[in-house]
Amino acid sequence: MYRLVIAGGPDSGKAFDLPPGEYLVGRGGGAHLLLADESVSRRHALLTVTDAGVAVLDLDSHNGTRLNGRPVKSAQAVEGDELRFGTCACLLERAPAPASATVVLEPPEAPEQAPPRRGGALPEDSRRLAILYEVGNAINSTIELPQLLQRILATIFDVVPAERGAILLWDPLEAQWRPAATHARGAPVRPGELAVSQAIIAKAFEARGPILSADARTDARFGPSDSIEAYAIRSAICCPLLVRDERLGVLHLDTCRATEAFTEGDVRLVGAIASQAAIAIANARFHDELRQENIQLRRALGSRHCIIGQSAAVRTLMETVRRVSQSDATVLLRGESGTGKEVVARTLHALSPRRTRPLVCVNCAAVPETLLESELFGHEKGAFTGAIERRIGRFEEANGGTIFLDEVGEMPPSTQAKILRVLQEREFQRVGGTRSLRVDVRLIASTNRDIEAALADGSFRQDLYYRLKVIEIVLPPLRERREDIPLLCDYFLAELAREMGRQPPTVDPEAMRALQAYPWPGNVRELRNVLERAIVLGMGERLLPRHLPPEVRRRSLAGVNAAAEMSLAEAEKRHVAEVLAVAGWNKSRAAALLGISRPRLDRKIRDYGLEPPQAEP
């Protein structure tokens, strides 16, 4: 006769004796094995019990039935197997003698000082149940993966005669195993100090289930293995950690003592624990992904990345963005400073199939040349002075998602070569590293620089340029879509007023005419700054011409033609000179007001021949 012991959920500790016959498992009133767990269907599964074992038939339940962690429709279970109805975990064991239909087991009391083999005085089946119960409690009590895995290992050592144990997690980026938790009987051990035989791990994944070796040195499955001989391994248990066929990690135990060989009961217990550990790892990773996605969404909600406008230029832009967003093609965004290139990059990501993965933005001009390579690709510990620990780069952060390189034209040639390799090979090396890392990212780049001139003078690589401009999108300047200025004013005034806790003002018609007449060399960014200035300086419920800066007030609708005749360079030169004057020729402050980097401002000052005013004698 068999017994089904509930190891988790609201019925935890309950046991059902199963004489030969058929038993309906479910949450409904007609079930023979009535379970209160909400994940169990009303008619979940049918168990047919014979002396040879228990046949399990899933009755098209909503959350499915699993045998030893694997989804099953129909399967045969034997003593020591773990069954899951939904998320309700149950252990199948032999019952010593006929008993009442339901027996409630009290959870084990924790001793004041744990003996070397916890539960040693308990019958084998009850001891295994107590350990599974403890592991379940550990999983339910924390989502911090390192502490959880360390606790699971320590619990296993209380009941299994292992000398060394490790849980290794698979790193798909670097294609190698990384120790997540280690444990050794009688001596502390840190992750990385305990080596595990690759030969044993390979066989466990080949078997896709727990393997037991009574004597690993003579086990024909492993063949000649230097690692087994080097570590003097005698008996070993190795369990792959799999969830939906995804390789997450491995749980490994071994001993060097011939007198402490593992048993079939040990491997069944460790296999059941490994199934729970795999689910805990998957859940912890999913929780971390949700947390990162939440951070990304909060950043996105706090960012200004709406494409506002109804002009023909904006409608054409949006149509292009919608089409391009569905591919993984590299995109080069071109346009004047302040036209909204980052806004378009964020929109491309938000509309793409990668929208649930990270969007990482890097302003190449804002990072010193000496640090840009480390910023993008990361560095290894000791790679340079001050590199006290390994640091992942922005490309690794963006793996699976999108990376946006703003002002890519300011990138030094040495970094350009590495970006080219990423685009061609999808791989790179950290600074100071020797291992090539593979990434899956979509790259969007932007520049307001004259790239053709940079190609001519050799400061920008021609091969990289053609790799970047698979799809080129040119953003229209604000002076070419003046009909969008009223919509932009409404949007920005509402946003700024909300931030300041007041009602948004309306715009006087004469002020609107002045706003539409001005050529806006700083484009949308400059328009927002002008409106913010007006609100900060305390205008009332109406934005009047006197609230606008002098250079904007001087314009009128009659001056539109004159503005159109002014070249972009003349308008930009005038604007840069006025901002420098306002900032008292403090270049850092002026660069911040213009929304450009300090090196770019220095170049504009040189190009336009601007000079600070001479001090009076």
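About the cut-offs
- Residues numbered from 1 in each chain as written.
- Predicted model: local features only at pLDDT ≥ 70, side-chain atom pairs only at ≥ 80, totals over all residues.
- Heavy atoms only, no water.
- Disulfide = S-S within 2.5 Å.
- Helix = DSSP H or I, 4+ residues; strand = E, 2+ residues; numbered from the N terminus.
- Buried < 20%, exposed > 50% of the residue type's maximum accessible area, 1.4 Å probe, protein only.
- Polar contact = N/O pair within 3.5 Å; in protein donor to acceptor, adjacent residues only side chain to side chain.
- Contact = heavy atoms within 4.5 Å.
- Core = buried A, V, L, I, M, F, W, Y, C linked by side-chain atoms within 4.5 Å.
- Salt bridge = Lys/Arg side-chain N within 4 Å of Asp/Glu carboxyl O.
- Pairing = 2+ DSSP bridges.
- Axes fitted to C-alpha atoms, helices over the stretch in contact; angles between N-to-C directions.
- Phe/Tyr/Trp six-rings, centres within 6.5 Å; stacked < 30°, edge-to-face > 60°.
- Lys NZ or Arg CZ within 6 Å of the ring centre and 35° of its normal.
- Expected span 1.5 Å × (residues − 1).
- Arc of directions from axis to C-beta.

**Section: the state of the cysteines**
Okay, so step 1: For the coordinates displayed, the defined rule picks out zero disulfides.
Okay, so step 2: Cys239 takes part in no disulfide bond, and the closest cysteine sulfur, belonging to Cys238, lies 6.8 Å away.

**Let's talk about the environment of Arg27**
Okay, so step 1: Topologically, Arg27 is positioned in the loop between β3 (21–26) and β4 (33–34).
Okay, so step 2: Overall, Arg27 belongs to the partly exposed group, its relative accessible area being 30%.
Okay, so step 3: Sequence separation of Arg27 and Ser41 is 14 residues, and the distance between their C-alpha atoms is 5.8 Å.
Okay, so step 4: Of note is the side chain of Arg27, whose polar atom sits 2.7 Å from the backbone oxygen of Val40.

**Examining helix α7 (residues 341–351)**
Okay, so step 1: The element α7 is largely enclosed, with a buried count of eight among its 11 residues.
Okay, so step 2: Of the positions making up α7, those classed as buried are Lys341, Val343, Val344, Ala345, Arg346, Thr347, Leu348 and His349.
Okay, so step 3: Where α7 is buried, its residues touch α6 (312–325), β18 (331–334), β19 (359–363), β22 (402–406) and β25 (442–447).

**Side note on the nonpolar core**
Okay, so step 1: With 39 residues, the main nonpolar core has Leu251 and Leu253 as its most contacted residues.
Okay, so step 2: With 12 residues, helix α5 (residues 264–302) is the single largest residue contributor to this core.
Okay, so step 3: Sequence-distant contacts of Leu253, defined by excluding residues within four places in its chain, comprise Leu153, Ile156, Phe157, Val160, Ala162, Arg164, Gly165, Ser235, Ala236, Ile237, Phe262 and Val270.
Okay, so step 4: Core analysis: the second largest hydrophobic core is formed by 31 residues, Cys364, Leu443, Ile451 and Leu468 among them.

**Structural notes on the pattern of salt bridges**
Okay, so step 1: A complete count under the given rule lists 35 salt bridges for this structure.
Okay, so step 2: When the shortest N-O distance is used, the salt bridge between Glu319 and Arg323 registers 3.6 Å. A residue pair is termed a helical-turn pair when its members lie 3 or 4 positions apart in one helix, as Glu319 and Arg323 do in helix α6 at four residues.
Okay, so step 3: Among the residues examined, Glu319 registers a relative accessible area of 35% and is labelled partly exposed.

**Details of the sheet that holds strand β14 (residues 176–184)**
Okay, so step 1: Sheet architecture is open: five strands sit in the order β14-β13-β17-β16-β15, paired in antiparallel fashion. Where the open sheet ends on each side, the last strands, each with one partner, are β14 and β15 (211–213). Across the sheet, the mean angle from the axis of one strand to that of its neighbour is 15°, orientation sign disregarded.
Okay, so step 2: Pairing analysis gives three bridges linking β15 to strand β16 (residues 235–243), with the strands arranged antiparallel. By the bridge assignment, Ile211 is partnered in β16 with Cys238.

**Some remarks on the packing of aromatic side chains**
Okay, so step 1: Scanning the entire structure with this criterion turns up eight aromatic pairs.
Okay, so step 2: Ring centres of Phe377 and Phe428 lie 5.5 Å apart, and the angle between their planes is 40°; this geometry places the pair in the tilted category. Placement of the pair is Phe377 in helix α8 (residues 369–377) and Phe428 in strand β23 (residues 427–428), with a sequence separation of 51 residues. Like Phe428, Phe377 is buried.
Okay, so step 3: Seen from their ring centres, Phe395 and Phe428 are 6.3 Å apart, and the 45° between their planes marks the pair as tilted. You can see Phe395 sitting in helix α9 (residues 394–397) and its partner Phe428 sitting in strand β23, a full 33 residues away along the chain.
Okay, so step 4: Overall, the relative accessible area of 3% leaves Phe428 in the buried class.
Okay, so step 5: Within the aromatic cluster, the residues linked to one another by ring pairs are Trp170, Trp177 and Phe205.
Okay, so step 6: The aromatic ring of Trp170 is capped on one face by Arg247, whose charged end is 4.1 Å from the ring centroid.
Okay, so step 7: Seen from the ring of Phe205, Arg247 lies directly overhead, with NZ or CZ sitting 5.4 Å from the centre.

**Here's the deal with α6**
Okay, so step 1: Taking 1.5 Å per residue as the helical rise, α6 with its 14 residues ought to reach 20 Å, and the 20 Å between its terminal C-alpha atoms agrees with that figure.
Okay, so step 2: Those residues of α6 that fall on the buried side of the exposure criterion are Val314, Leu317, Met318, Val321, Val324 and Ser325. One side of α6 holds all its buried residues, which, seen down the axis, span an arc of 135°. Within α6, the exposed residues directed more than 90 degrees away from the buried face are Arg315, Thr316 and Arg323.
Okay, so step 3: For α6, the elements touching its buried residues are β18, α7, β25 and β26 (471–474).

**Concerning unusual backbone geometry**
Okay, so step 1: Even without being a glycine, Arg426 presents a positive backbone phi close to 60°.
Okay, so step 2: One non-glycine residue, Trp520, lies in positive phi territory at about 50°.
Okay, so step 3: With respect to the helices, strands and loops of the structure, Trp520 is situated in the loop between α14 (509–517) and α15 (523–536).
Okay, so step 4: When its relative accessible area of 0% is taken as the criterion, Trp520 is described as buried.

**Some points on the side chain of Ser311**
Okay, so step 1: Structurally, the position occupied by Ser311 is in the loop between α5 and α6.
Okay, so step 2: Setting aside chain neighbours within four positions, we find Ser311 in contact with Arg481, Glu483 and Asp484.

**Overview of the sheet that holds β18**
Okay, so step 1: Pairing in this open sheet of five strands is parallel, and the strands run β19-β22-β25-β18-β26 from one edge to the other. The sheet terminates laterally at β19 and β26, the two strands that pair on one side only. Strand-to-strand twist in this sheet, taken as the mean axis angle between neighbours without regard to direction, amounts to 20°.
Okay, so step 2: Across the sheet, α6 is in contact with β18, β25 and β26; its angle to β26 comes to roughly 155°.
Okay, so step 3: Relative to β18, α7 is tilted by about 150°, and along the sheet it contacts β18, β19, β22 and β25.

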